[in-house]
Amino acid sequence: MSDIFLPEGRLLNTPENCRLCASAAGLRKAMERQIILEGSALMAKPDLTLQVAVGPFMGEIPREETAAGIAEGYTRDIAVLSRVGKTICFVVDRLEERDGALVPILSRRRAQERAKVWLEGLAPGTVLPVTVTHLEPFGAFVDAGCGVSSLICVERISISRIPHPDRRFRVGDEIYAAVLEQDRENRRVRLTHRELLGTWAENARSFCAGMTVPGIARSVLDYGIFVELTPNLSGLAELREGISEGDRVSVFVKAVLPQRLKCKLLILDKLPPAPPLPCRYFLPQGGRMTRWDYAPAGVCRPGAQTVFEDRGQ
């Protein structure tokens with residue numbers, strides 16, 4: 001369908017997926033061309049065979065074909081059971097006739113193995129659409145394509161430090177990430193996110209002295225409170241009683257100082273809690289970056305920097 005192996009759930013309602021799944025002829029065409037399709041996993045039998053709704057047909061994925069690594073034992077059964085009730089990708093292995101009904105026999109494993117080969121061939125700095133699947137204190141697990149999992153470490157989520165990825169994401173969020181590096185020995189792709197949220201200058205241009213805006217208190221220190229204005233931009237406000245880390249606040253912007261990478265703020269009020277806002281992305285032209293500098297050239301203090309290079313070569 002595409003040169004990109006999308007996260008599970010992105011193909012289900014596309015015109016091509018609907019067309020190919022709607023008839024025996026369409027499924028046969030998909031089988032011959034090994035096109036990756038999607039359907040809904042309805043149930044898992046005791047032997048871990050998955051029943052999948054494929055258009056008007058009821059397909060099956062045998063246990064050993066439910067995921068890459070299931071047969072070898074390095075993928076746990078729960079990884080398959082957790083897909084019940086969700087969208088699942090597959091290629092059509094064969095079409096069987098049972099009691100006059102067409103039963104597509106499917107393989108998710110083969111779709112995932114193709115996605116892994118594709119991911120392993122991506123250069124560092126390549127931008128991918130991913131879907132958040134699981135959150136842990138140390139990072140966010142994402143579906144990087146066909147259910148293949150990858151990790152964005154918590155320190156790579158944003159410039160603004162957060163105690164847990166749930167301060168930024170919810171499971172199911174469709175976001176972007178960039179390939180940080182290839183771990184060829186373990187066949188893992190490490191991802192990063194913060195570089196796609198903009199530099200200091202890109203974020204700061206949305207603010208100016210005299211504005212009043214909402215923010216989030218991220219650090220309460222002896223000399224002030226750092227308030228996040230965007231995931232990649234924070235400013236320092238004077239101490240105020242009753243404000244704790246994680247509180248939403250309204251702040252008055254006193255000054256924006258590009259040469260010092262500073263925003264001076266004044267906390268006006270405490271606001272009710274609210275879920276994380278969708279991230280605003282600054283995506284590179286061509287879908288790939290080779291270097292990212294958070295700070296503008298010529299500032300008095302350095303900022304975060306990422307050089308995307310393939311260390312495996």
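Provided above is the structure to which this section pertains.
Being a predicted model, the structure only gives us computed values, none of them experimental.

Trainee: Sorry if this is basic, but what is going on with the sheet that holds strand E14 (residues 248-257) here?
Mentor: Backbone-to-backbone hydrogen bonds pair the strands of a sheet. The strands run either parallel or antiparallel. An order of E11-E12-E13-E15-E14 is seen for the five strands of this closed barrel, with the pairing classed as mixed. Within the sheet, the average angular offset between the axes of one strand and its neighbour, ignoring direction, is 50°. As paired elements, strand E13 (residues 233-237) and strand E15 (residues 262-271) share two bridges and run parallel to each other. Across the sheet, leucine 236 pairs through a bridge with lysine 264, a residue of E15.

Trainee: Honestly, the packing of aromatic side chains in this entry has me stumped. Any pointers?
Mentor: Each pair of aromatic rings is reported with the distance of its centres and the angle of its planes. This structure, assessed with the given rule, holds five aromatic pairs. Seen from their ring centres, phenylalanine 5 and tryptophan 118 are 5.4 Å apart, and the 45° between their planes marks the pair as tilted. In this pair, phenylalanine 5 is assigned in the segment before helix H1 (15-21) and tryptophan 118 in helix H4 (residues 108-120), connecting sequence segments 113 residues apart. In this structure, phenylalanine 5 and tryptophan 118 share a single accessibility class: buried. Look at tyrosine 223 and phenylalanine 226: their rings are 6.4 Å apart centre to centre, the planes differ by 90°, and that puts the pair in the edge-to-face class. For tyrosine 223, a relative accessible area of 56% corresponds to the exposed category.

Trainee: Please clarify how the pattern of salt bridges should be interpreted in this entry.
Mentor: Side chains bearing opposite charge may pair, as long as their charged atoms lie close to each other. Enumeration according to the criterion identifies 23 salt bridges in this entry. Between glutamate 65 and arginine 109 there is a salt bridge, with the nearest N and O atoms lying 3.1 Å from each other. A residue pair is termed long-range when its members are at least 10 positions apart, and glutamate 65 in the loop between strand E3 (57-61) and helix H3 (77-81) and arginine 109 in helix H4 qualify at 44 residues. For glutamate 65, a relative accessible area of 16% puts it in the buried group. As a salt-bridge pair, arginine 194 and glutamate 195 come within 3.5 Å of each other at their nearest N and O atoms.

Conventions used here
Residues numbered from 1 in each chain as written. Predicted model: local features only at pLDDT ≥ 70, side-chain atom pairs only at ≥ 80, totals over all residues. Heavy atoms only, no water. Pairing = 2+ DSSP bridges. Helix = DSSP H or I, 4+ residues; strand = E, 2+ residues; numbered from the N terminus. Axes fitted to C-alpha atoms, helices over the stretch in contact; angles between N-to-C directions. Phe/Tyr/Trp six-rings, centres within 6.5 Å; stacked < 30°, edge-to-face > 60°. Buried < 20%, exposed > 50% of the residue type's maximum accessible area, 1.4 Å probe, protein only. Salt bridge = Lys/Arg side-chain N within 4 Å of Asp/Glu carboxyl O.

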